[in-house]
Amino acid sequence: MISIEGLSKIFHLNQKKITAVDNLNLTIQDGEIFGVIGYSGAGKSTLIRLLNRLEEPTSGKITIGEKEITTLDKNKLRMARQNIGMIFQHFNLLWSRTVSENIAFPLEIAGVPAKERVQRVNELIELVGLSGRENAYPSQLSGGQKQRVGIARALANNPKVLLCDEATSALDPETTNSILDLLVDINERLGLTIILITHEMHVIRKICNRVAVMENGKVVEQGDVLDVFLKPKQPVTKKFVEQVMENQDGDLDQLLEEYTSGELVRLHFVGETANQALISKISREFTVEVNILSGKITQTKLGAYGTLVVQIIGEKNEVNQTIQFIKEETSVEVEVLVNA
Amino acid sequence: MLKELFPNVVMKDLLVATGETFYMTLLAMVGTVIFGVLLGLLLYLTSNGSLWENKGLNIIVAAIVNIFRAIPFIILILLLIPFTTFLMGTFRGSNAALPALIIGAAPFYARLVEIGLREVDKGVIEAAQSMGAKTKTIIFKVLLPESMPALVSGATVTAIALIGSTAVAGVIGAGGLGDFAYFHGFVRRDFDVVFVCTVLIVIIVFIFQFIGDFITNKLDKR
Ligand SMILES: Nc1ncnc2c1ncn2[C@@H]1O[C@H](COP(=O)(O)OP(=O)(O)OP(=O)(O)O)[C@@H](O)[C@H]1O
Ligand SMILES: [Mg+2]
């Protein structure tokens, strides 16, 4: 478990005080993927850098596992850092070293004998899917491959915790997805706790269990990702949720004008994967026609979530029964838009 | 044919002089690289926001470097005569030229080293710190390897400046091609000797530049 209590960081910049992290409290469970989201300048990077004391806290207490990080002396801190992996937005690889040599670097720091190093490096190259590129230099790799080296390097000393600062922000969407998949894979296989900083909600959506929203150095909202998606409370959070759910109804007014027959309803899907077969199920069991007009379903780690606007055409009675069925037999919420 | 064009050039003496120029340049380079890297590291590490941030020490080292860089080499030699005599027992000859050559070139190289170190990505240093690296490890496994192309090309520039300095040192009888051109050429009005010495120095400069560029390119994997 990682616990953060009353953590603050104040920077002094030409007489001016900048409170980057402001009396922040947070608890992160072992083995979870915890997301921290916030706009630029919210203090996310400062927070993650405080966790391994790349930045010295102004006040507060950080405990990772049994270790109270904030009271460690220089040498103990170095030892503790060997068990906290970190990956970076710009990868931060040594260009003068090959892939293998980069991955070997933390092992050299930890004093692992040369023979074991070679073996461990090979395992890691396999793990992150870079076989065949071990002798390439970073300049010969794509962004995604560089981040894989970064991940392998961060995992070299079998850390319990992995800190990721905007690890996918320099990558294109497809590469981002493959890196996120790799992180989930590592999290599941190694039982590693991952703390991930981002300003992109879809990253949170895709891999995080829990999320904290940061604004002005404070956590303004936190909880299970699905809950935060469904019931965002703070304006910032709502904005982030809109990022992934934007334009979910298409042009509703236009739909209402165009589709005048049958019944227009909006279905809210929450969490359960079982609901995904809903449409085919109702068209099988009831003599109605179902047209999907617009909508967006998004997959979170804990299931699907989103809305669909559908048109249900058929005998009045059948249509009503269908809606009754959805309301009572499933956890999908129904909102009737037009009753024609 | 050569004899007719350059009647006053004695091949054997010329070879000895060339050898002395190489000898002085290479030995002075060894000292310059050692002191230059040490001073450059010190300048870098004590600077603002670096690993051994120390304003006082940084100002002192910077002042020493700047003072020695400001003194023209010919004056530096003369100033150092008592020191050289104390150190070497004489102020004449190739060995006696070495202290002045090193003291003249090391501060210059130190600045180039500092510039090279500044170019090292801060993020990479931070990554090493996040892995729990000691400062020693960061110096030897991050800073120096990552700045190596800059260190080598800086050394090339310095070595070429040193070849020039060895020629200047000729006026106090340091030996080498400068000495030869002056005492055997200019003083005796044998300008063919001056000419041949010039050509040889230019060739030596080209050789150093070529080797330096070659190594720099080989090292640079960016
Ligand atoms: N070394 C520093 N010195 C002074 N101020 C700093 C320093 N580092 C960060 N800050 C300030 O602290 C605040 C938080 O910065 P931080 O980098 O943590 O934000 P962030 O949430 O990571 O933003 P981004 O999404 O742009 O990376 C900003 O106002 C920033 O200017
Ligand atoms: Mg940041």
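From a predicted model like this one, the values you see are computed outputs, not experimental measurements.

1. So, the site of ligand 1
All names here are of chain A.
Then comes step 1: Around ligand 1, the surrounding shell holds 13 residues, and the nearest of these are Ser40, Gly41, Lys44, Ser45 and Thr46.
Then comes step 2: Here Lys44 contributes a side-chain N or O atom positioned 2.8 Å from an oxygen atom of ligand 1.
Then comes step 3: Between ligand 1 and Ser45 there is a distance of 2.6 Å, counted from an oxygen atom to a side-chain nitrogen or oxygen.
Then comes step 4: In isolation ligand 1 exposes 630 Å². Once the protein is present, 63% of that is buried.
Then comes step 5: A per-element tally of the shell around ligand 1 places helix H1 (residues 44-51) first, with three residues.
Then comes step 6: Grouping the constituent residues of the shell around ligand 1 by class yields six nonpolar, five polar and two charged.

2. Focus: the nonpolar core
Nonpolar side chains in soluble globular proteins tend to end up buried together.
Then comes step 1: Judged by nonpolar contacts, the single largest core of 87 residues is most densely connected at Ile4, Leu47, Ile69 and Leu163 of chain A together with Leu101, Val142 and Leu143 of chain B.
Then comes step 2: Ranked by the residues each element gives to this core, the list is headed by helix H7 (residues 135-169) of chain B, at 12 residues.
Then comes step 3: The residues touching Leu101 of chain B, leaving out its near neighbours within four places in the chain, are Met24, Ala28, Thr32, Phe73, Leu162, Ser165 and Thr166 of chain B.
Then comes step 4: Counting residues in each nonpolar core, the second largest holds 53 residues, with Val99, Ala136, Cys164 and Ile204 of chain A among its members.

3. Topic: the interface of chain B and chain A
Then comes step 1: Contact with chain B, which involves 22 residues of that partner, is made by 22 residues of chain A.
Then comes step 2: It is Ser130, Met131 and Lys221 of chain B in chain B that bury the most area against chain A; as a group they hold 33% of the surface buried on that side.
Then comes step 3: On inspection of chain B and its partner chain A, the count reaches two salt bridges.
Then comes step 4: A salt bridge links Lys141 of chain B to Glu108 of chain A, with the shortest nitrogen-to-oxygen separation between them at 2.7 Å.
Then comes step 5: Counting the contacts that link chain B with chain A gives eight residue pairs in polar contact (both at pLDDT 80 or more).
Then comes step 6: If one sorts the elements of the side of chain B that touches chain A by residue count, helix H6 (residues 122-130) of chain B sits on top with seven residues.
Then comes step 7: Looking at side-chain class alone, the side of chain B that touches chain A contains nine nonpolar, five polar and eight charged residues.

4. Points about unusual backbone geometry
Then comes step 1: Look at Gln15 of chain A: it is not a glycine, yet its phi comes out positive at around 70°.
Then comes step 2: Assignment of secondary structure puts Gln15 of chain A in the loop between strand E1 (2-13) and strand E2 (16-28).
Then comes step 3: What makes Gln15 of chain A exposed here is its relative accessible area of 82%.
Then comes step 4: For Arg189 of chain B, which is not glycine, the phi torsion reads 60° and is therefore positive.
Then comes step 5: Relative to the helices and strands, Arg189 of chain B resides in the loop between helix H8 (176-186) and helix H9 (191-219).
Then comes step 6: Residue class for Arg189 of chain B comes out exposed when judged on its relative accessible area of 53%.

5. Considerations on the packing of H8 of chain B against H9 of chain B
Residues and elements named next belong to chain B.
Then comes step 1: The geometry of H8 relative to H9 is characterised by a closest axis approach of 8 Å and an angle of 170° between their N-to-C directions. Comparing the axis directions of H8 and H9 gives the class roughly antiparallel. Judged by the twist between their axes, the crossing of H8 over H9 is left-handed. Judged by residue contacts, Leu177, Phe180, Ala181, His184, Gly185 and Phe186 of H8 engage Phe191, Val193, Val194, Cys197, Leu200, Ile201 and Ile204 from H9.

6. Concerning the domain arrangement of chain A
All names here are of chain A.
Then comes step 1: Once the domains are mapped, chain A shows domain 1 (2-243) and domain 2 (248-339).
Then comes step 2: Here domain 1 and domain 2 have C-alpha centroids that lie 40 Å from each other.
Then comes step 3: Contacts between domain 1 and domain 2 engage 12 residues on the former and eight residues on the latter.
Then comes step 4: Between domain 1 and domain 2, a total of about 890 Å² is buried, with carbon and sulfur atoms accounting for 66% of that surface.
Then comes step 5: By the criterion of area lost to domain 2, the three top residues of domain 1 are Arg205, Leu226 and Leu230, representing 57% of everything that side buries.
Then comes step 6: At the boundary of domain 1 and domain 2, one finds zero salt bridges.
Then comes step 7: There are zero residue pairs in polar contact (both at pLDDT 80 or more) connecting domain 1 and domain 2.
Then comes step 8: Put simply, the parts of the chain that give the side of domain 1 that touches domain 2 at least two residues each are helix H6 (173-190), helix H7 (201-207) and helix H8 (225-230).
Then comes step 9: In terms of residue class, the side of domain 1 that touches domain 2 is built from eight nonpolar, two polar and two charged.

Criteria and thresholds
- Residues numbered from 1 in each chain as written.
- Chains lettered and ligands numbered in written order.
- Predicted model: local features only at pLDDT ≥ 70, side-chain atom pairs only at ≥ 80, totals over all residues.
- Heavy atoms only, no water.
- Near = heavy atom within 4 Å.
- Polar contact = N/O pair within 3.5 Å; in protein donor to acceptor, adjacent residues only side chain to side chain.
- Areas by Shrake-Rupley, 256 points an atom, 1.4 Å probe, with all protein chains shown as cover.
- Helix = DSSP H or I, 4+ residues; strand = E, 2+ residues; numbered from the N terminus.
- Nonpolar A, V, L, I, M, F, W, Y, C, P; charged D, E, K, R; others polar.
- Core = buried A, V, L, I, M, F, W, Y, C linked by side-chain atoms within 4.5 Å.
- Buried < 20%, exposed > 50% of the residue type's maximum accessible area, 1.4 Å probe, protein only.
- Contact = heavy atoms within 4.5 Å.
- Buried area = accessible area lost by both parts, 1.4 Å probe.
- Salt bridge = Lys/Arg side-chain N within 4 Å of Asp/Glu carboxyl O.
- Axes fitted to C-alpha atoms, helices over the stretch in contact; angles between N-to-C directions.
- Parallel < 35°, antiparallel > 145°, perpendicular 65-115°, else oblique.
- Left-handed = near helix turned anticlockwise from the far one by under 90°.
- Domains from an automatic or database assignment.

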